[in-house]
Each structure stands twice: as structure tokens, then as C-alpha cells.
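Chain by chain, the residues:
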Amino acid sequence: MYVVIMGCGRVGAALSAGLERLGHEVAIIDRNRQAFRRLGPDFRGKQVVGEGYHREVLVEAGVERADAFAAVSSGDNSNIISARVARETFGVERVVARIYDAKRAAVYERLGIPTVATVPWTTDRFLRMLLPDGVASAWRDPTGTVAILPLPMHEEWVGHPVSELEAAAGCRVAFIVRFGTGILPGPDTVVQAEDTVYVAAVSGTVSDVTAAAAAAPQEG
């Protein structure tokens, strides 16, 4: 693949190095020529000085033949503008932008620009390290409002339909991993031994959801 990266900070430099290690061709843009010193002497890609949302700068970086574009500068506005230009003007199929403001990230997702919302993502990583296994989420939406998490359950939930689990825990069963294969459950799908059940829940209710699932189901 040919990948254009806008922003040669720590993330841009590390992303460039990772892509080159995997055999991909990289061009990187930054308005500060000194930023390219982060790339190291082994970098083989193209270095372009300029604003990553300017058409002529993108053309110099080879965006017209790019397979992917990543905007990872320190500015939300610069990232989203350059990502939209790459997508809408040059037709790059794989485009992603780093966004610090989670509310903005949600808006841009609705506009069709995939984002990495730095604050919710970092928060979730800390939660994974601080909380007991199985409690931290596997995914959160860009605003951090909805979480998908693997749900630790009391063994007596085996044999009960997922609709009962949803009603008791106040969540929605998103999917089940059964014998290594993901399945989309219906309301009559029954929990089996060794299932890993992933549920969607509002972030503020995760503790209540996990507590309810950890208790034995109430008969009747």
C-alpha cells in the first residue's frame, strides 16, 4: 500500500516506521521540517513540508495514488479538514483522523470519516489495566457513551435465553463467541457453557450490568 500521513509527531513517526516495517510505502507531511528528525536515518519514504490540507501539498505527497491517508497532527481542525480533502477531493478510500474532542469525533463519524478519539481511547486503556478482568470494555463509541464488553456471568445463566439476561442486567447482548465463532443471537438463543457473551451497555451502567450478571438468575 501507499500511505500518506499528515503530522510527524510521535504518533506520525511511529506509524510511519510501523508501516515501513510491514513493507508499505509512506509519504509524510509536516509544516515543520525539523519534525522529520523523528523518523530516523532508516526512513525510506517521502518527506513533504507544508500544511496537510492544502491541495498542492497533498499532490506533492502523492495523495492521488494513495491507498490510505492518516491525519495525526496535534490539531483537530487540521486533521479533519485534511481527512475530508483526501476522501472527498482525491477519493482516497481508507481515511482516518485523530481527534481529541470526543464530541467532534462523533460528528465526523456520522460524516463518514473514521476517527480515533484520543481521550476516550486512552481512558478505556487505563480502565483495562485498573479494573478486574472482563469488566473493561472491548469497544466504546467515539463519545464514550456506549460500551461493548465481555460479560462475566454466574454459571447458572447457562440454559437461560439471552432475553432473560438482557432484562435482568439492563443491557443488550451484541454477540456471542461460541467455540471460537461469533454468532448474532436472537431473543430465544440460549446461553451455553463456555460461551463468551458480549453486551452493549451505557457506560455509566457497566458496574450494575456486571453485578447483575454475576448473580444467579432469579426464578420466575
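For clarity, every value in this text was computed on a predicted model and none was experimentally measured. (Residues numbered from 1 in each chain as written. Predicted model: local features only at pLDDT ≥ 70, side-chain atom pairs only at ≥ 80, totals over all residues. Heavy atoms only, no water.)

Draft legend 1. Summary view of the overall build of the chain. Counting secondary structure elements, the chain contains seven helices and 11 strands. Relative to its length of 220 residues, the chain is extended, with a C-alpha radius of gyration of 22 Å against a globular reference of 17 Å. The C-alpha extent of the chain, read off along each of the three principal axes, is 70 × 30 × 30 Å. Relative to its 220 residues, the chain shows a buried fraction of 41%. Across the chain, contacts joining residues at least 24 apart in sequence account for 52% of those joining residues at least 6 apart. Here the chain has roughly 12,200 Å² of accessible surface; of this, 52% comes from carbon and sulfur atoms. With 22 positive and 26 negative side-chain charges, the chain shows a spacing of 12 Å between the two charge centroids. (Helix = DSSP H or I, 4+ residues; strand = E, 2+ residues; numbered from the N terminus. Rg over C-alpha atoms; globule rule 2.2 N^0.38 Å. Buried < 20%, exposed > 50% of the residue type's maximum accessible area, 1.4 Å probe, protein only. Contact = heavy atoms within 4.5 Å. Areas by Shrake-Rupley, 256 points an atom, 1.4 Å probe, with all protein chains shown as cover. Lys, Arg positive; Asp, Glu negative; His and termini not counted. Charge placed at Lys NZ, Arg CZ, Asp CG, Glu CD.)

Draft legend 2. Seen up close, the side chain of Thr115. Following the sequence through the fold, Thr115 ends up in strand β6 (residues 115-117). Once residues lying within four places of it in the same chain are set aside, the contact partners of Thr115 are Val96, Ala97, Ile99, Ala105, Tyr108 and Glu109.

Draft legend 3. Spotlight on a negative patch on the surface. A contiguous patch of negative charge on the surface is contributed by Glu155, Glu156, Glu164 and Glu219. Residue position: Glu156 is located in the loop between β8 (146-150) and α6 (162-169). For Glu156, a relative accessible area of 44% translates into the label partly exposed. (Patch = residues over 30% accessible without salt bridge, like charges linked within 9 Å, V, L, I, M, F, W, Y side chains within 5 Å. Salt bridge = Lys/Arg side-chain N within 4 Å of Asp/Glu carboxyl O.)

Draft legend 4. Molecular detail of the packing of aromatic side chains. All told, the structure shown has one aromatic pair when counted by the stated rule. Positioned above the aromatic ring of Tyr2 is the side chain of Arg65, whose terminal nitrogen or guanidinium carbon lies 3.7 Å from the ring centre. (Phe/Tyr/Trp six-rings, centres within 6.5 Å; stacked < 30°, edge-to-face > 60°. Lys NZ or Arg CZ within 6 Å of the ring centre and 35° of its normal.)

Draft legend 5. The sheet that holds strand β2 (residues 25-30), seen in detail. Ordered by their spatial adjacency, six strands build an open sheet running β3-β2-β1-β4-β5-β6, and the pairing between neighbours is parallel. Of all strands in the sheet, those with a lone pairing partner are β3 (46-49) and β6, marking the two edges. Averaged over neighbouring strand pairs, the angle between their axes works out to 15° when direction is ignored. Relative to strand β4 (residues 68-71), strand β1 (residues 2-6) runs parallel, the two being bridged by four bridges. Paired with Met6 across the strands is Ala71, a residue of β4. Strands in contact with helix α3 (residues 76-89) are β1, β4 and β5 (94-99); relative to β5, the strand with the most contacts, it is inclined by about 170°. Contacts from helix α4 (residues 102-110) reach β5 and β6 within the one sheet, and its direction differs from that of β6 by about 165°. (Pairing = 2+ DSSP bridges. Axes fitted to C-alpha atoms, helices over the stretch in contact; angles between N-to-C directions.)

Draft legend 6. The arrangement of the pattern of salt bridges in detail. This structure, assessed with the given rule, holds five salt bridges. Residue Glu20 is joined to Arg44 by a salt bridge in which the shortest nitrogen-to-oxygen separation is 4.0 Å. Here the residue Glu20 occupies a position in helix α1 (residues 10-21), and Arg44 occupies one in the loop between β2 and β3, the gap between them amounting to 24 residues. Glu20 sits in the buried class, given a relative accessible area of 11%. By relative accessible area, Arg44 is classed as exposed at 62%. For Arg31, the salt bridge goes to Glu51, with nearest N and O atoms at 3.7 Å. Linking Arg31 in the loop between β2 and β3 with Glu51 in the loop between β3 and α2 (55-61), this pair joins segments that are 20 residues apart in sequence. Residue Glu51 is classed as partly exposed on the basis of its relative accessible area, which comes to 22%.

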